[in-house]
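# Residue-level structural notes
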Amino acid sequence: DWQGEDPAALSAGTYTVLVTDANGCDSTLSYTIAEPTALTLDTSITNTTCNGFTDGSITVSTTGGTAPYGYNWSTGAATSTLTSLGAGTYSVTVTDDNGFADSIAATLTDPALFAVSISGDGALCQGDFTVLTADNGDTFSWFTGESTQSITFFPSADTLAWVTAMEGPCPAYDTMALTVYPLPV
């Protein structure tokens, strides 16, 4: 007889049970029910590599409580790691096997926007040349096929000049209209 106690709903502590058999013999037994440690969450974040990219990730680490753990992210995912993320705030609720839950949020950020601008003379007389320079980047790809930061160009007609610059894995693009005026006759 549990004297009104539900043995499946006992909280942590030490309990003594008196057992009496059909012959009237008694035996006393003591049991200790341990409480699991508190559920603790931590996150590991990998921010996006370039502004606007979706290559960030978040991993939640769980200690305490009772495994296995269930994960419920604000995105609807149910794993301990989210990948292919853009900048933003993401939250997760972790529930242990006993139904205890804790939540944590993590914010992914974008690096500063990488941009490039072309400088040079955009208005030329026929037969003149211009030096075009990209102001930012590690590598360059010009409309002429050249790959230096500055190029010398001899336009024979109006031209739309463009450059793609890279800073690490981050691309930027710019254009410049070049106007060629005919020589006076």
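These notes cover the structure that comes with them. This is a predicted model, so every value here is computed, not measured. Along each chain, the written sequence defines residue order, and numbers are assigned to residues from 1. Per-residue local features are limited, in this predicted model, to residues with pLDDT of at least 70; the limit for side-chain atom pairs, both in listing and counting, is 80 or more; totals at the level of whole chains, interfaces and linings are taken over all residues. Values reported for side chains reflect all heavy atoms of the structure, with hydrogen atoms and water molecules removed beforehand.

### Points about the sheet that holds strand β13 (residues 150-153)
Between any two strands, pairing holds if DSSP finds at least two bridges. Runs of H or I in DSSP of at least four residues are treated as helices and runs of E of at least two as strands, each being numbered from the N terminus. With antiparallel pairing, the three strands of this open sheet are ordered in space as β9-β11-β13. Looking along the sheet, the strands with just one partner apiece sit at the ends: β9 (118-119) and β13. Pairing geometry for β9 and strand β11 (residues 130-134), over two bridges, is antiparallel. Its bridge partner lying in β11, S119 is registered against T133.

### Focus on the state of the cysteines
Whenever a pair of cysteine sulfur atoms sits within 2.5 Å, that pair is classed as a disulfide. Scanning the entire structure with this criterion turns up one disulfide. Through a disulfide, C50 is tied to C170; the S-S separation comes to 1.9 Å. Taking the sign of the torsion about the S-S bond as the criterion, the disulfide between C50 and C170, at about -95°, is left-handed. Remark: C170 occurs in strand β15 (residues 170-181) and C50 occurs in the loop between β3 (40-46) and β4 (56-63); sequence separation between them is 120 residues. Each member of the pair C50 and C170 is classed as buried. Burial classes: relative accessible area under 20% of the type maximum marks a residue as buried, over 50% as exposed, and values in between as partly exposed (1.4 Å probe, protein chains only).

### Here we look at the packing of aromatic side chains
Two rings belonging to Phe, Tyr or Trp (six-membered ring only in the last case) form a pair when the distance between their centres is within 6.5 Å. Interplanar angles under 30 degrees mark stacking, angles over 60 mark edge-to-face geometry, and anything in between is tilted. The full count for this structure, using the stated rule, is three aromatic pairs. Consider the rings of F143 and F153, whose centres lie 5.0 Å apart with planes at 75°: the pair is edge-to-face. With a gap of 10 residues between them, F143 in the loop between β12 (139-142) and β13 and F153 in strand β13 connect regions that are remote in the sequence. Note on F153: relative accessible area 17%, which makes it buried.

### Points about the sheet that holds β15
Adjacent strands of a sheet pair through backbone hydrogen bonds, lying either parallel or antiparallel. If you trace the four strands from one edge of the open sheet to the other, you get β10-β15-β14-β12, paired in mixed fashion. Sheet topology places β10 (123-125) and β12 at the edges, where each strand pairs with a single neighbour. Looking at each pair of strands side by side, their axes are set apart by 25° on average, direction ignored. Of the strand pairs in this sheet, strand β14 (residues 159-167) and β15 are connected by nine bridges, and their pairing is antiparallel. Paired with V163 across the strands is D174, a residue of β15. Only the stretch in contact is used when a helix axis is fitted, and all axes are lines through C-alpha atoms; the angle between N-to-C directions ranges over 0 to 180 degrees.

### Looking at the side chain of T130
Along the chain, T130 turns up in strand β11. Residues adjacent in sequence count toward polar contacts only when both atoms are side-chain atoms; beyond that, a polar contact is any pair of N or O atoms within 3.5 Å, and within protein one must be able to donate a hydrogen and the other to accept it. Within the structure, the side chain of T130 is placed 3.0 Å from the backbone oxygen of D121, a separation counted as a polar contact. T130 has contacts with G120, D121, L124, I151, T152, F153 and L178, leaving out every residue within four places of it along the chain. We call two residues in contact whenever any of their non-hydrogen atoms come within 4.5 Å of each other.

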